[in-house]
Amino acid sequence: MRTSPNRLVAIIFGAVYILVGLLGFTVTAGVDFIATEGGLLLGIFEVNPLHNIAHLLIGAALLIGGLSGVRAAKSVNITVGAAYLLLGIVGFFIQDSAANVLALNTADHFLHLASALVLLGVGLGTDRAVDNRRHAVA
């Protein structure tokens, strides 16, 4: 079986985001669920319990997509990548407002943008034969 870049990236990113979500709870004791300021994960990334749960859900979606097959991995990489691109951009504008329910900081924004670039790059740029075969059969 040929290795798919989409499956590989989805599985790796999924596992990392699940780990980040779990580790986030170690620094958010006493932080309100949707606090605009949270604990610092790795001393730089700000998180609150809602942000941790978002990481767990995104990680699970990526991991399930990666384990399900090329088409699922490609779809989840593009979807999560697009969401992270939007969050990375919007985050700069909501950082110091009550709308910052994920306790985002500048380091988070850049990490979300970097994740978006990788996920979208792999999702849109690789495994093109999957789409061609689907259209040829349909």
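All residue numbers refer to positions counted from 1 along the written sequence of the respective chain. A pLDDT threshold of at least 70 governs which residues receive local features in this predicted model, and a stricter bar of 80 or more applies before side-chain atom pairs are shown or counted, although totals over entire chains, interfaces and linings include all residues. With hydrogens and water set aside, each side-chain value is computed from the structure's full complement of heavy atoms.

A. Spotlight on the confidence of the model for the chain. Each residue carries a pLDDT score, the predictor's confidence in it, ranging from 0 to 100. Per-chain confidence: the chain averages 92 in pLDDT, with 91% of residues scoring 70 or above. The criterion used for residue contact is that any of the two residues' heavy atoms lie within 4.5 Å. Counting contacts from residues 131–138, a segment whose pLDDT is below 50, to residues more than four positions away or on other chains yields two contacts.

B. Structural detail: the nonpolar core. Counting residues in each nonpolar core, the largest one holds 12 residues, listed as V9, A10, F13, Y17, L62, A73, V76, V80, Y84, A116, L119 and V122. Of all elements in the fold, only α1 (5–24), α3 (70–94) and α4 (106–125) reach the threshold of two or more residues within this core. Once you skip the residues sitting within four places of it in the chain, L119 turns out to touch V9, F13, L62, N77, V80, G81 and Y84. As used in this record, nonpolar core signifies buried Ala, Val, Leu, Ile, Met, Phe, Trp, Tyr and Cys residues forming a set joined through side-chain atoms within 4.5 Å. Classification of residues uses two cut-offs on accessible area relative to the type maximum, computed with a 1.4 Å probe and protein chains only: under 20% is buried, over 50% is exposed, and between them is partly exposed. Strands here are runs of E lasting at least two residues and helices are runs of H or I lasting at least four, both read from the DSSP assignment and numbered beginning at the N terminus.

C. Region of interest: the packing of aromatic side chains. Any two of the Phe, Tyr and Trp rings considered here, Trp counted by its six-membered ring, make a pair once their centres fall within 6.5 Å; the pair's planes then place it as stacked at under 30 degrees, edge-to-face at over 60, or tilted in between. Under the counting rule described, the total for this entry stands at three aromatic pairs. On the basis of an interplanar angle of 25° and a centroid distance of 5.4 Å, the ring pair of Y17 and Y84 is categorised as stacked. Of this pair, Y17 sits in helix α1 while Y84 sits in helix α3, and the two are 67 residues apart along the sequence. You can call Y84 buried: its relative accessible area is 2%. Among the aromatic residues, those joined into a cluster by ring pairs are F13, Y17 and Y84.

D. View of the packing of helix α2 (residues 49–68) against α3. Only the stretch in contact is used when fitting a helix axis, every axis being a line fitted to C-alpha atoms; angles between N-to-C directions are given from 0 to 180 degrees. Running from N to C, α2 and α3 point in directions that differ by 155°, and their axes come no closer than 7 Å. Overall, the two elements α2 and α3 adopt an arrangement that is roughly antiparallel. Judged by residue contacts, H55, I58, A61, L62, G65, G66 and S68 of α2 engage A72, A73, V76, N77, V80 and Y84 from α3. Each residue receives one of three labels: charged for Asp, Glu, Lys and Arg, nonpolar for Ala, Val, Leu, Ile, Met, Phe, Trp, Tyr, Cys and Pro, and polar for the others, Gly being one of them. Residue composition of the contact of α2 with α3, grouped by class: eight nonpolar, five polar and no charged. Angular relationships are summarised with four words: roughly parallel below 35 degrees, roughly antiparallel beyond 145, roughly perpendicular across 65 to 115, and oblique for the angles in between.

E. Layout of the environment of L124. Inspection of the secondary structure assignment puts L124 in helix α4. Linking L124 and D32, residues 92 residues apart in sequence, is a C-alpha distance of 38 Å.

F. Up close: unusual backbone geometry. Despite not being glycine, L42 shows a phi value in the positive range, around 60°. You can see L42 is positioned in the loop between β1 (39–41) and β2 (45–47). Judged by its relative accessible area of 71%, L42 falls in the exposed class. Even without a glycine there, the phi angle at D127 is positive, about 55°. The residue D127 is located in the loop between α4 and α5 (128–137) in this model.

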